[in-house]
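# A structural walkthrough
What follows is the residue order along each chain.
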Amino acid sequence: MVLNIIAVGFGGLFGSIARYLISHYFSQFSQLSYPWATTIVNLLGSIIIGCLIALFENGLNINNELKLLLIVGFCGGFTTFSTFSLEFIKLIDKGQFLVAASYLLINVIIGITLCFISYKIFK
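In this report, the structure presented in the accompanying data block is examined.

Procedures and definitions
Residues numbered from 1 in each chain as written. Predicted model: local features only at pLDDT ≥ 70, side-chain atom pairs only at ≥ 80, totals over all residues. Heavy atoms only, no water. Patch = residues over 30% accessible without salt bridge, like charges linked within 9 Å, V, L, I, M, F, W, Y side chains within 5 Å. Areas by Shrake-Rupley, 256 points an atom, 1.4 Å probe, with all protein chains shown as cover. Salt bridge = Lys/Arg side-chain N within 4 Å of Asp/Glu carboxyl O. Helix = DSSP H or I, 4+ residues; strand = E, 2+ residues; numbered from the N terminus. Core = buried A, V, L, I, M, F, W, Y, C linked by side-chain atoms within 4.5 Å. Buried < 20%, exposed > 50% of the residue type's maximum accessible area, 1.4 Å probe, protein only. Contact = heavy atoms within 4.5 Å. Axes fitted to C-alpha atoms, helices over the stretch in contact; angles between N-to-C directions. Parallel < 35°, antiparallel > 145°, perpendicular 65-115°, else oblique. Left-handed = near helix turned anticlockwise from the far one by under 90°. Nonpolar A, V, L, I, M, F, W, Y, C, P; charged D, E, K, R; others polar. Phe/Tyr/Trp six-rings, centres within 6.5 Å; stacked < 30°, edge-to-face > 60°. Lys NZ or Arg CZ within 6 Å of the ring centre and 35° of its normal. Expected span 1.5 Å × (residues − 1).

With that out of the way, let us pick up a nonpolar patch on the surface. Together, Leu104, Leu105, Ile106, Val108, Ile109, Ile110, Ile112, Leu114, Phe116, Ile117, Ile121 and Phe122 give the surface a local cluster of nonpolar side chains, amounting to about 1,200 Å² of exposed area. On the secondary structure map, Ile121 appears in helix α5 (residues 97-122).

If you want it as structure tokens, here you go:
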């Protein structure tokens, strides 16, 4: 269990640093009105976690700690959107379309609504 926690921690460290570096790079173009850094991080994270899970499901045999470092740690530190994307795809793969739709709506619509409300309350 301790090795799992250390693996997740190191992965999160590197994922967070990667996110910061991408955000820092795109902040040089701060006159852009679109939040490119977040979009790129979310899309890259979705690609990375999709590739990793596919490789592991297709038999790439690596130890559990490295899987945790890459998926939970790195992707989690890089963006939680990657996990959200993967879980949504897994629900679709299982044919749980109603659950997938509610998962999408709850996380996106309610998440943004709660962020907006809390932002306005504490502003």
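Nonpolar side chains in soluble globular proteins tend to end up buried together. By size, the foremost hydrophobic cluster in this structure holds seven residues: Ile49, Leu52, Ile53, Phe56, Ile71, Cys75 and Leu86. Going through the elements one at a time, α2 (36-57) and α3 (64-78) are the ones with two or more residues in this core. Considering each element in turn, this core owes the most residues, four residues, to α2. For Leu86, the contacting residues outside a window of four places in its chain are Ile49 and Ile53.

So, on to the packing of α2 against helix α4 (residues 81-93). At their nearest, the axes of α2 and α4 sit 8 Å apart, and the two run at 50° to each other. Of the possible angle classes, the one that applies to α2 and α4 is oblique. Taken as a pair, α2 and α4 cross one another with a handedness that is right-handed. Contact residues: Asn42, Gly45, Ser46, Ile49, Ile53 and Glu57 in α2; Phe81, Ser82, Thr83, Ser85, Leu86 and Lys90 in α4. For the contact of α2 with α4, the class distribution of residues is four nonpolar, six polar and two charged.

Under the defined criterion, the tally for this structure stands at one salt bridge. Where Glu57 meets Lys90, a salt bridge forms, and the shortest distance between an N and an O atom there is 2.2 Å. Of this pair, Glu57 sits in helix α2 while Lys90 is found in helix α4, placing the two residues 33 residues apart along the sequence. For Lys90, a relative accessible area of 27% corresponds to the partly exposed category.

Next up on the list: the packing of aromatic side chains. As enumerated under the stated definition, the model contains four aromatic pairs in all. Seen from their ring centres, Phe81 and Phe84 are 5.8 Å apart, and the 40° between their planes marks the pair as tilted. With a gap of three residues between them, Phe81 and Phe84 both fall in helix α4, about one helical turn apart. Of the residues examined, Phe84 reaches a relative accessible area of 12% and is grouped as buried. In this structure an aromatic cluster arises from ring pairing among Phe81, Phe84 and Tyr103. One residue, Lys67, lies across the ring of Phe56, its end atom 5.3 Å from the ring centre.

Quick look at α3 now. Between the first and last C-alpha of α3 there are 20 Å, a value that for 15 residues agrees with the 21 Å anticipated at 1.5 Å per step. Inspection of α3 places Leu68, Ile71, Gly73, Cys75, Gly77 and Phe78 among the buried residues, and these make up the whole buried set. Elements in contact with the buried residues of α3: α1 (2-27), α2 and α4.

This part is about the packing of α4 against α5. One can describe the packing of α4 onto α5 by two numbers: an axis separation of 8 Å at closest approach and a directional angle of 160°. With respect to α5, the element α4 is oriented roughly antiparallel. Two packed elements cross with a definite hand, and for α4 against α5 that hand is left-handed. Between α4, through Phe84, Glu87, Phe88, Leu91 and Ile92, and α5, the contact on the second element is made entirely by Phe97, Val99, Ala100, Ala101, Tyr103, Leu104, Asn107 and Val108. Within the contact of α4 with α5, the residues separate by chemical class into eleven nonpolar, one polar and one charged.

By themselves, these observations are geometric and do not establish any function.
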